[in-house]
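Survey of secondary and tertiary structure
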Amino acid sequence: MKITIINGSARKGNTLAAVNAFIEGAKENNTIEVIEPDKLSIAACKGCGGCECSKGCVDKDDTNAAVNKVADADMILFATPVYWWGMTGQMKLLIDKCYCKGALIRGKKIGIIVTGGAPVNDMQYDLIRSQFECMAQYLDWEILFFNKYSANGKDELSQNLSVMDELKKIGSLVK
């Protein structure tokens, strides 16, 4: 299976640790590509309609290359820390630009990993989950998993061996 991971974090902390654990479990049976939106030049979607949902974005930046990777994937893993009760702006920017290939991202399998400083029963995780559920319903995505983790220190999650093992196992089950 071809997996595209969108790492919404600009830091090398808990979200990256979660992504790396997932990759460790998934790498044997899958082809994996990681997109890091914070390292790309992507202009905000202007809603111009010039893309017409098939031609690609009219902006001359990194949008089309990134969106093509998403469209080519069998599965998309969205990994984001919580920023102000939602996914990061970097991730949302790339998701918005996927509109230019909307028809080509229908029917994907997806996974979501969210890391935040609040306890996992906090509303912020529910808000993010709701947004992904709305996208999944609209695009006929199959949500394979939605995992949320609370971690405050930069390397706190990576030191939680049971979480790292859980994420490796989830990765190993994706085929």
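Notes on the structure follow. Along each chain, residue indices are assigned from 1 in the same order as the chain's sequence is written. Restriction of local features to residues with pLDDT of at least 70 applies here, the model being predicted, together with a cutoff of 80 or more for giving and counting side-chain atom pairs; totals for whole chains, interfaces and linings are based on all residues. Working from all heavy atoms in the structure, the side-chain values ignore hydrogens and water.

**Digging into unusual backbone geometry**
Trans peptide bonds make up the majority, and among non-glycine residues the majority have a negative phi. Convention followed: For the purposes of this entry, the term helix denotes a DSSP run of H or I that reaches at least four residues, the term strand denotes a run of E that reaches at least two, and both are numbered from the N terminus. Buried, partly exposed and exposed residues are distinguished by accessible area as a fraction of the type maximum, computed with a 1.4 Å probe on protein chains only: under 20%, between the cut-offs, and over 50%, respectively.
One non-glycine residue, W84, lies in positive phi territory at about 50°. Mapped onto the elements of the fold, W84 is located in the loop between β3 (75-81) and α3 (89-97). The exposed category is assigned to W84, whose relative accessible area is 74%. Notably, W85 is not glycine yet its phi reads approximately 65°, a positive angle.

**A few points about the pairing of strand β5 (residues 142-150)**
Here is the rule we go by: Here, strands pair whenever DSSP counts at least two bridges between them. If you view a crossover with the strands going away from you and the path from the first strand over the helix to the second runs clockwise, you call it right-handed.
In terms of strand pairing, strand β4 (residues 109-116) meets β5 through eight bridges, oriented parallel. Looking at the pairing, G116 lines up with S150 of β5. Between β4 and its parallel partner β5, the chain crosses via helix α4 (residues 123-139), and the hand of that crossover is right-handed.

**Quick look at the pattern of salt bridges**
Quick reminder of the rule: Definition used for salt bridges: Asp or Glu carboxyl oxygen within 4 Å of a side-chain nitrogen of Lys or Arg.
Going through the model one piece at a time under the given rule, you end up with nine salt bridges. D96 is paired through a salt bridge with K92; the nearest N and O atoms lie 2.4 Å apart. Of this pair, D96 and K92 both sit in helix α3, four residues apart, which is roughly one turn of that helix. For D96, a relative accessible area of 30% translates into the label partly exposed. Here K92 falls in the partly exposed class, since its relative accessible area comes to 29%. Residue R129 is joined to E133 by a salt bridge in which the shortest nitrogen-to-oxygen separation is 2.9 Å. You can see R129 and its partner E133 sitting in helix α4, four residues apart, about one turn around the helix. Owing to a relative accessible area of 35%, R129 belongs among the partly exposed residues under this scheme. What makes E133 partly exposed here is its relative accessible area of 36%. Each member of the salt-bridge network shares a partner with another, and the members are K46, D59, D61 and K97.

The quantities given are spatial measurements derived from coordinates; they are silent on function.
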